[in-house]
Amino acid sequence: MKFAVIVFPGSNCDTDMYHAVKDELGAEVEYVWHDTTNLDQFDGILLPGGFSYGDYLRTGAIAQFSNVMTEVVKAAREGKPVLGVCNGFQILLETGLLPGAMRRNESLKFICQPEELVVENAATTFTSQYEKGEVISVPVAHGEGNYYCDEETLEELKANNQIVFTYKNNPNGSVENIAGITNKEGNVLGMMPHPERAVDELLGSKDGLKLFQSIVKSWRERYVAAT
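Note that the coordinates shown come from a computational prediction; the quantities given were computed from them, not determined experimentally.

Rules and cut-offs
- Residues numbered from 1 in each chain as written.
- Predicted model: local features only at pLDDT ≥ 70, side-chain atom pairs only at ≥ 80, totals over all residues.
- Heavy atoms only, no water.
- Salt bridge = Lys/Arg side-chain N within 4 Å of Asp/Glu carboxyl O.
- Helix = DSSP H or I, 4+ residues; strand = E, 2+ residues; numbered from the N terminus.
- Buried < 20%, exposed > 50% of the residue type's maximum accessible area, 1.4 Å probe, protein only.
- Pairing = 2+ DSSP bridges.
- Axes fitted to C-alpha atoms, helices over the stretch in contact; angles between N-to-C directions.
- Contact = heavy atoms within 4.5 Å.

Caption draft 1: Fine view of the pattern of salt bridges. By the definition in use, this model includes 9 salt bridges. When the shortest N-O distance is used, the salt bridge between E30 and K2 registers 3.0 Å. Pair noted here: E30 is in strand β2 (residues 28-33) and K2 is in strand β1 (residues 2-7), with a separation of 28 residues, a long-range link. Note on E30: relative accessible area 31%, which makes it partly exposed. With a closest N to O distance of 3.3 Å, E134 and K210 form a salt bridge. Within this pair, whereas E134 is found in the loop between β6 (111-119) and β7 (135-142), its partner K210 is found in helix α5 (residues 209-224), the two being separated by 76 residues in sequence. What emerges from the salt-bridge pattern is a single network uniting K2, E28 and E30.

Caption draft 2: Inspection of the sheet that holds β7 at higher detail. Taken together, the 9 strands give an open sheet; going across it, the order is β2-β1-β3-β4-β11-β10-β9-β6-β7, and neighbouring strands pair in mixed fashion. Each edge of the sheet is formed by a strand with only one pairing partner; in this case those strands are β2 and β7. Sheet twist, expressed as the average angle between the axes of neighbouring strands with direction ignored, equals 25 degrees. Two strands pair when backbone bridges link them, and β1 and strand β3 (residues 44-47) are joined in this way by 3 bridges, in the parallel orientation. Along β3, the bridge assignment pairs F3 with G44. Strands in contact with helix α3 (residues 87-95) are β3, β4 (82-85), β10 (178-182) and β11 (188-191); relative to β4, the strand with the most contacts, it is inclined by about 115 degrees.

In C-alpha cells:
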C-alpha cells in the first residue's frame, strides 16, 4: 500500500505523518505538493495538520481550492481511504467531504496536551484494530478544534455511526464531545487529535499506530485478498 502525505504551504505536521507511516507502520509513502494534479498512483491519502495558507479567512478555507484537492475528492469518491488530521480535518470540512464546521476553542486558547479518546465505532476502515469503547491516549494541538454541526446533521451522524472518536474530557467545546467523524461511506475520516504523534511509547503513547494499521488491514482485505 502506498500513501500520499499532502503538503500545503503552512503544513507543519507532514514530517510527523511521514515518519508514522514509513518508520513505524513500515509502508510506502511520499510527500505530495499541493499543486499536484494526479494521485492515481496512491492507495491512501493523508492530510496533515498545520496552518495551511496561514489559516487566512478560515482554517482550511484557502487550501480547499488547491489543485490537489480535486484529486483528493476524486480519490474519496473512488473509495480510497482519506485521513485528515487537525488542519487536514478542517480542510475536509471546507471541501464538503465531511459535514459540519470548526470553531474557535471555547477557551479561545490554543490547546496542546494528551487527551483520552473513546472509540465509538470499531467497524471502520480506520478503527478495526481497536475495540468499541476502548480508551486511547492521543495528543491534541489546535486553536480551532471546536466541532459544530446543526441538530439534523448530528442526528444523521449518530444514525449512520459516523462518530468514530469522542473526547472523554472535552477540551474544546465540540458538540457531543466529537473528536473524529467519517463520511457516510466510511472511507473518509477527519479528526482533531494527532494519531501520528502517538505511534511509539517514546512519544508518550503508541495508541495511534492501530489507526494506520487498520487502514492497511482494510486495504489488504479489499485488494490483496481479492486477488
